[in-house]
Protein chains: 2
Amino acid sequence: MSAIDLRSKIREVPDFPTPGVGFKDITPLLLDHDALHQAVTELSDWSKERNPDLILGAEARGFILGAAIACHTGCGFVPARRPGKLPPETVSATYMLEYGENSLELNADAIADGARVVIHDDVLAAGGCFVIELSFLGGRERVSQYDMYSLIRY
Amino acid sequence: MSAIDLRSKIREVPDFPTPGVGFKDITPLLLDHDALHQAVTELSDWSKERNPDLILGAEARGFILGAAIACHTGCGFVPARRPGKLPPETVSATYMLEYGENSLELNADAIADGARVVIHDDVLAAGGCFVIELSFLGGRERVSQYDMYSLIRY
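Residues numbered from 1 in each chain as written. Chains lettered and ligands numbered in written order. Predicted model: local features only at pLDDT ≥ 70, side-chain atom pairs only at ≥ 80, totals over all residues. Heavy atoms only, no water.

Observations regarding the packing of helix H2 (residues 33-50) of chain A against helix H3 (residues 61-73) of chain A
Residue and element names in this part refer to chain A.
Alright, step 1. Two numbers describe how H2 lies on H3: the axes approach to 9 Å, and their chain directions differ by 60°. Compared by their axis directions, H2 and H3 come out oblique. Relative to H3, the crossing made by H2 is right-handed. Contacts between H2 and H3 involve Leu36, His37, Val40, Thr41, Leu43, Ser44, Ser47 and Lys48 on the former and, on the latter, Leu65, Ala68, Ile69, His72 and Thr73. (Axes fitted to C-alpha atoms, helices over the stretch in contact; angles between N-to-C directions. Helix = DSSP H or I, 4+ residues; strand = E, 2+ residues; numbered from the N terminus. Parallel < 35°, antiparallel > 145°, perpendicular 65-115°, else oblique. Left-handed = near helix turned anticlockwise from the far one by under 90°. Contact = heavy atoms within 4.5 Å.)

This is the structure we're talking about:
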């Protein structure tokens, strides 16, 4: 049972960043220490059971809770960054978004062969542990071969 | 005394992102849980003594440790974002960088009147608590009216 209804800490913003898109703003959750701590604890509890070597967080909103989850889980954190932000050598991947596409880069030597990695982002996009899941976008089905957890589902 | 010499966890990258700039890569510190936990603990210990209402982290690298510091300090986190990323209403400020200039935006109602805010970033730019200070850039002198702390000084 949650002490706080974390859904009550998500602000809904219509037509942002583009018309027709409903934006879920996690700022109220971040501003409230009890809600922030509860979100980090719940995501970390799920991660601990998977015994990961690293938490991977995607730029930029996946950075916010990613390192906090790594601290609580007892593992390291690896940032996946926008193109050109990390010094060489890097590896990259391109993926589709609800509105457009994007690329992310990793330091080429950041993740050892065979390492166990939990992927964290604020909103479900590619599998891992999330604050928010937008179930109408079908992300859960697209990553059904992976273990997945989200705090709040719409 | 530090259990780990955090400086040994910073990778030096010459001529990145532009020729003549020496980049301090914090990725090795983040990848190593003990170093990550020590950095968050030391920055949080400093923050706790200031009794802040919020930790402010600047996009994108200031997001990585910012929310973890807020969790440990016992306060909330407020993200300062690049223009256009936050839904309205926002307030913004423009500032000079070592290489260029930049703007950051905040939710207009995120910080209450009279709130005590610790500003965190990975590298000293504008005063607060930092992982790395580049003392040859004179940042400490420019923010001498503020209380300031950095883990590693070059």
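Here the narrative resumes, following the displayed structure.
Description of the interface of chain B and chain A
Alright, step 1. Across the boundary between the two partners, chain B contributes 38 residues, which contact 38 residues of chain A.
Alright, step 2. Contact between chain B and chain A buries roughly 2900 Å² in total, counting both sides, with carbon and sulfur atoms accounting for 68%.
Alright, step 3. Our enumeration of links across chain B and chain A arrives at zero salt bridges.
Alright, step 4. On the surface where chain B and chain A come into contact, there are six residue pairs in polar contact (both at pLDDT 80 or more). (Buried area = accessible area lost by both parts, 1.4 Å probe. Salt bridge = Lys/Arg side-chain N within 4 Å of Asp/Glu carboxyl O. Polar contact = N/O pair within 3.5 Å; in protein donor to acceptor, adjacent residues only side chain to side chain.)

Focus on the pattern of salt bridges
Residue and element names in this part refer to chain A.
Alright, step 1. All chains considered together, the criterion is met by 16 salt bridges over all chains.
Alright, step 2. We note a salt bridge from Asp25 to Arg11, for which the minimum N-O separation is 3.1 Å. Taken together, the residues Asp25 in strand E2 (residues 23-25) and Arg11 in strand E1 (residues 11-13) connect sequence positions 14 residues apart.
Alright, step 3. Residue class for Arg11 comes out partly exposed when judged on its relative accessible area of 31%. (Buried < 20%, exposed > 50% of the residue type's maximum accessible area, 1.4 Å probe, protein only.)

Some remarks on the relation of the copies chain B and chain A
Alright, step 1. In the superposition of chain B on chain A (RMSD 0.0 Å, axial shift 0.0 Å), the rotation amounts to 180°. Overall, the copies show the geometry of a two-fold rotation axis. No C-alpha of chain B lies nearer the rotation axis than that of Ala68(B), which sits 2.1 Å from it.
Alright, step 2. The fraction of interface residues of chain B whose copies in chain A are also interface residues reaches 100%, indicating that both copies meet through the same surface. (Least-squares fit on C-alpha atoms with pLDDT ≥ 70 in both.)

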